[in-house]
Amino acid sequence: MAGKFSSFPAGVQSHLAERGTSRISTNRRARTAQGYIGLVTDTVLFAGGTGLWFLSNQRVRVNNMPTLGTNSVGVSVDAETQLTGTMTVVQGDTRGNGM
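Residues numbered from 1 in each chain as written. Predicted model: local features only at pLDDT ≥ 70, side-chain atom pairs only at ≥ 80, totals over all residues. Heavy atoms only, no water.

1. Digging into unusual backbone geometry
Then, number 1: The phi dihedral of N63 is positive, around 55°, even though this residue is not glycine.
Then, number 2: Relative to the assigned elements, N63 resides in the loop between β8 (61–62) and β9 (65–66).
Then, number 3: Judged by relative accessible area, which is 43%, N63 ranks as partly exposed.
Then, number 4: One non-glycine residue with positive phi stands out, namely N64, at about 65°.
Then, number 5: Relative to the elements of secondary structure, N64 occurs in the loop between β8 and β9. (Helix = DSSP H or I, 4+ residues; strand = E, 2+ residues; numbered from the N terminus. Buried < 20%, exposed > 50% of the residue type's maximum accessible area, 1.4 Å probe, protein only.)

Next up, the structure:
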């Protein structure tokens, strides 16, 4: 089943339940109403750490890179304690779907 695209940093949550504050991405081509579609190569910045993706959408690509959706999973690292955990998309774009 297709899930919503990740298109804004606040829709991503770290293992400490922090929402993303910004995102470093190379995607400047495909966007939705809420922002540029997230790619598997993106780095998400949180108030207390960073996160990287390792599981992405399998069928939808931008510039030959897999996109991110509500089924995507990553790992977030707390900058202070260096503890790691699961990072997920908890709020996707309301109009864009992909798998």
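2. Overview of the pairing of strand β10 (residues 73–78)
Then, number 1: A one-sided burial pattern is seen for β10, the buried positions being G74, S76 and D78 and the unburied ones V73, V75 and V77.
Then, number 2: Direction of pairing for strand β7 (residues 49–55) relative to β10: antiparallel, over a ladder of six bridges. Bridging from a neighbouring strand, W53 pairs with G74 of β10.
Then, number 3: When β10 meets strand β11 (residues 84–89), the two strands line up antiparallel, connected through five bridges. Residue pairing in the sheet places V75 in a bridge with T86 of β11. (Pairing = 2+ DSSP bridges.)

3. Concerning the pattern of salt bridges
Then, number 1: In this structure the tally under the stated criterion is one salt bridge.
Then, number 2: For the salt bridge of R23 with D42, the shortest nitrogen-to-oxygen distance reads 3.5 Å. Highlighted residues: R23 in strand β3 (residues 22–24) and D42 in the loop between β5 (35–36) and β6 (43–46), separated in sequence by 19 residues. (Salt bridge = Lys/Arg side-chain N within 4 Å of Asp/Glu carboxyl O.)

4. What to know about the packing of aromatic side chains
Then, number 1: All told, the structure shown has zero aromatic pairs when counted by the stated rule.
Then, number 2: A cation over an aromatic ring shows up here: R28 above the ring of Y36, its NZ or CZ 5.0 Å from the ring centre. (Phe/Tyr/Trp six-rings, centres within 6.5 Å; stacked < 30°, edge-to-face > 60°. Lys NZ or Arg CZ within 6 Å of the ring centre and 35° of its normal.)

5. What to know about the environment of T81
Then, number 1: Within the fold, T81 resides in the loop between β10 and β11.
Then, number 2: Given a relative accessible area of 44%, T81 falls into the partly exposed group.
Then, number 3: Separated by 65 residues in sequence, T81 and L16 place their C-alpha atoms 12 Å apart.
Then, number 4: A distance of 2.6 Å separates polar atoms of two side chains, one belonging to T81 and the other to D78. (Polar contact = N/O pair within 3.5 Å; in protein donor to acceptor, adjacent residues only side chain to side chain.)

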